[in-house]
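# Fold and contact review
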Amino acid sequence: MTGENGSLAGETVANFRVDGARLWDSLMEMARIGPGIAGGNNRQTLTDADAQGRALFQTWCEAAGLTMGVDQMGTMFATRPGEDPDALPVYIGSHLDTQPTGGKYDGVLGVLGRLEVIRSLNDLGIRTKHPIVLTNWTNEEGARFAPAMLASGVFAGVLDLDYAYARQDLEGLTFGDELARIGWRGDEPVGARKMHACYELHIEQGPILEAEGRDIGVVTHGQGLWWLEFTLTGREAHTGSTPMDMRVNAGLAMARILEMVQEVAIAHQPGAVGGVGQMKFSPNSRNVLPGKVIFTVDIRSPEQAKLDAMRAAIETRAPGICAELGVDCDIEAVGHFDPVTFTPELVENVRQAAGELGYSHMDIISGAGHDACWTARVAPTTMIFCPCKDGLSHNEAEDITPEWARAGADVLMHAVLKSAVVL
Ligand code: HGY
Ligand code: MN
Ligand code: MN
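Rules of the game
- Residues numbered from 1 in each chain as written.
- Chains lettered and ligands numbered in written order.
- Predicted model: local features only at pLDDT ≥ 70, side-chain atom pairs only at ≥ 80, totals over all residues.
- Heavy atoms only, no water.
- Helix = DSSP H or I, 4+ residues; strand = E, 2+ residues; numbered from the N terminus.
- Expected span 1.5 Å × (residues − 1).
- Contact = heavy atoms within 4.5 Å.
- Donors = N, O, S within 2.8 Å, 3.2 Å for Na, K, Ca; no water.
- Buried < 20%, exposed > 50% of the residue type's maximum accessible area, 1.4 Å probe, protein only.
- Polar contact = N/O pair within 3.5 Å; in protein donor to acceptor, adjacent residues only side chain to side chain.
- Pairing = 2+ DSSP bridges.
- Axes fitted to C-alpha atoms, helices over the stretch in contact; angles between N-to-C directions.
- Phe/Tyr/Trp six-rings, centres within 6.5 Å; stacked < 30°, edge-to-face > 60°.
- Lys NZ or Arg CZ within 6 Å of the ring centre and 35° of its normal.
- pLDDT = per-residue confidence, 0-100.
- Near = heavy atom within 4 Å.
- Areas by Shrake-Rupley, 256 points an atom, 1.4 Å probe, with all protein chains shown as cover.
- Nonpolar A, V, L, I, M, F, W, Y, C, P; charged D, E, K, R; others polar.

Compared with an ideal rise of 1.5 Å per residue, which puts 22 residues at 32 Å, helix α9 (residues 304–325) spans 33 Å between its outermost C-alpha atoms and is within 8% of the ideal. Against β7 (224–233), α8 (250–267), β9 (273–282), β11 (292–301) and β12 (328–337) lie the buried residues of α9. One or two residues past the end of α9 sits Gly-326, with phi positive at roughly 70 degrees.

Here you go:
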C-alpha cells in the first residue's frame, strides 16, 4: 500500500493502493508448493502439499498479527480484530486447493489478495469497526472429493458433516481420515460463525473481461450446477473375439450419452453448458470391453429453468440409450447448487470501489462455482473478478498479469472497507 510517505497524513483512504509487488511475490512463493508438471500447480485438497500450503498461509497470517481458528472441516479463519467487539466480522474467503493440473491463481489470488489487503491496512495503521476474517475453505475444487465447495456447503448448512467426512477419493480414502492425517481437523463447529458480509476475489476463469478490455468483473450472479454421476454396467468381454452383436458395451453407451449431453446443452443456448471431465473404465484394460464405466456429467446455467430442463432431459434419455445396448444405468446426483444472486448492496460496493479507483469494470455472471455461492445463502455476499489470459483456467497454463492481480486486490480492499467501516 503506498500512501504518501507510507503515512496517513494528507492522504484519504481512497488514494491508498495495495503493494502489488509484495502480492505477486507471495503468489509466486505459494506456487512453489505442490508444483505441477507444466508450470501450474497440483496441490489437491488434504494432500501433503495442501498441508504445506496451509502452513505457509498460517505463518504469513500470524506474521500479519492475525489469530487463526480452524473448524471441523479444516477451514481456516484468520482474524484481524475490529474496534467494536459486538460487530460481526467481514469475511474474505477463497481456497488454496487446486485441480490436479491447476493454475497458480484459481483460488490462490483470492487468498493472497486479501492477505495483501491486511498487510496494507497494517502498514497504514488503518483500524476498522468490524473485525476482518480471512478464510481458506477446504476442498473448494471437488477434484479429489466430490462435490466441489464441500466445506462451504457444510458451513451453509446444505451438506452435513458426516456426509462430508464419508466422501471418498478414487483410492477409497475418506475425507475425514485424510483431514485428520494432515493434522487440520479443527474443533470449531462448522457454521457457528456469523458474518456481517462476505467477499471473494477470484480470477474470472473465462474470456469475457480480457476480451472486453476490463480490469474488474463486478459479479452479480453465479450460475447453478448439477453433477450427475453415471455408473454404467456392461459385460467384460474380449475385444477381439466377441462378435459385435454379442457385446454389452458400457463404453459405447457412455459415448452416446456424452453426445446426448452435448446436444442437450446446445439445445438450451444461450447460457447453458454441459460436459464430462472425469471417467473411469474398469478393468481399464486395452483388450477388455469395460464391465463398468463411471463418469460425472457437469451441467450449468444461470437460469434455474434451463438447469432443471437439462437435468430432466439427460435423466430421461440416458436409460433408453443404455437399454438399446443392454447396459444397466444408474444415475446419482453428487453435486448441486442453484443459480445464485449476490447481494446488491455489496455488489454496489464493488462497483463503486472500482469506479473510485479508476479501474475499468463491467457486470458479469460467474461461470464457475465458488464458495461464495454457498456463503450467499447465510450472509450478504459478493465476488470480484480479475481477467485471466485467454480465459483459460483448470489448466496449468492459467495466467494473469501483476496489474490485474493488484487491481483486484485494490478493489477488494476498498469494497471491504465500505463494509468494515474505517475509524
Ligand atoms: O467447479 C467449479 O466451478 C469450481 O472450480 N470448483
Ligand atoms: Mn476457484
Ligand atoms: Mn477451480
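Here we take up the coordination of the manganese ion (ligand 2). Donor atoms from the polypeptide that coordinate the manganese ion (ligand 2) comprise His-95 (NE2), Asp-106 (OD) and His-202 (NE2), at 2.1 to 2.3 Å from the metal. Between the two metal centres, the manganese ion (ligand 2) and the manganese ion (ligand 3), the spacing is 3.5 Å, with Asp-106 acting as a shared donor. Of this pair, Asp-106 sits in the loop between β3 (90–94) and α3 (108–123) while His-202 sits in strand β5 (residues 197–203); the two residues are 96 residues apart in sequence, bridging distant segments of the chain. Taken individually, Asp-106 and His-202 each receive the classification buried, so the pair is uniform in this respect.

The next thing to look at is the side chain of Thr-128. Along the polypeptide, Thr-128 turns up in the loop between α3 and β4 (132–136). A polar atom in the side chain of Thr-128 sits 2.8 Å from the backbone oxygen of His-130. Those residues in contact with Thr-128, other than ones at most four positions away along the chain, are Arg-80, Gly-82, Glu-83, Leu-417, Ala-420, Val-421, Val-422 and Leu-423.

Moving on, we come to the sheet that holds β11. One open sheet accounts for 4 strands, arranged β9-β11-β7-β12; its pairing is antiparallel. Of all the strands in the sheet, just β9 and β12 have a single pairing partner and so form its edges. Across this sheet, the average inter-strand angle for adjacent strands is 15 degrees, counted without regard to direction. Here β7 runs beside β11; their pairing, made up of 10 bridges, is antiparallel. Counterpart to Leu-228 in the pairing with β11 is Val-297.

With that settled, consider the packing of aromatic side chains. Inspection of the entire model under this criterion finds 9 aromatic pairs. Residues Trp-24 and Tyr-105 carry aromatic rings whose centres are separated by 5.6 Å and whose planes lie at 25 degrees to one another, so their mutual orientation is stacked. Within this pair, whereas Trp-24 is found in helix α1 (residues 20–31), its partner Tyr-105 is found in the loop between β3 and α3, the two being separated by 81 residues in sequence. Residue classification places Trp-24 among the buried residues on the basis of a relative accessible area of 18%. Taking the centre distance of 5.1 Å and the plane angle of 75 degrees together, the rings of Trp-137 and Phe-155 count as edge-to-face. Taken together, the residues Trp-137 in the loop between β4 and α4 (150–155) and Phe-155 in helix α4 connect sequence positions 18 residues apart. Of the two residues, Trp-137 and Phe-155, both sit in the buried class. It is Arg-119 that lies over the ring of Trp-60; its NZ or CZ is 5.3 Å from the centre. Here the guanidinium or amino end of Arg-311 rests over the ring plane of Trp-226, the centre of that ring lying 4.0 Å away.

The manganese ion (ligand 3) binds to the protein through Asp-106 (OD), Glu-141 (OE), Glu-141 (OE) and His-394 (NE2); the donor distances cover 2.1 to 2.5 Å. When the donor residues of the manganese ion (ligand 3) are listed from N- to C-terminus, their spacing reads D-x34-E-x252-H. We classify Glu-141 as buried; its relative accessible area is 6%.

Another aspect to go through is the confidence of the model for the protein chain. Per-residue pLDDT for the protein chain averages 95, and the proportion of residues at 70 or more is 97%. Low pLDDT (under 50) marks residues 1–10, which in the prediction has 25 contacts with non-local residues, meaning those over four places away or in another chain.

Time to look at the site of ligand 1. Taken together, Glu-140, Glu-141, Ala-148, Arg-300, Ala-368, Gly-369 and His-394 are the residues near ligand 1. A distance of 3.4 Å separates an oxygen atom of ligand 1 from a polar side-chain atom of Glu-141. Here an oxygen atom of ligand 1 sits 2.7 Å away from a polar atom, N or O, in the main chain of Gly-369. Within the complex, the protein chains bury 95% of what would otherwise be the 220 Å² of accessible surface of ligand 1. Here the residues of the shell around ligand 1 sort into 2 nonpolar, 2 polar and 3 charged.

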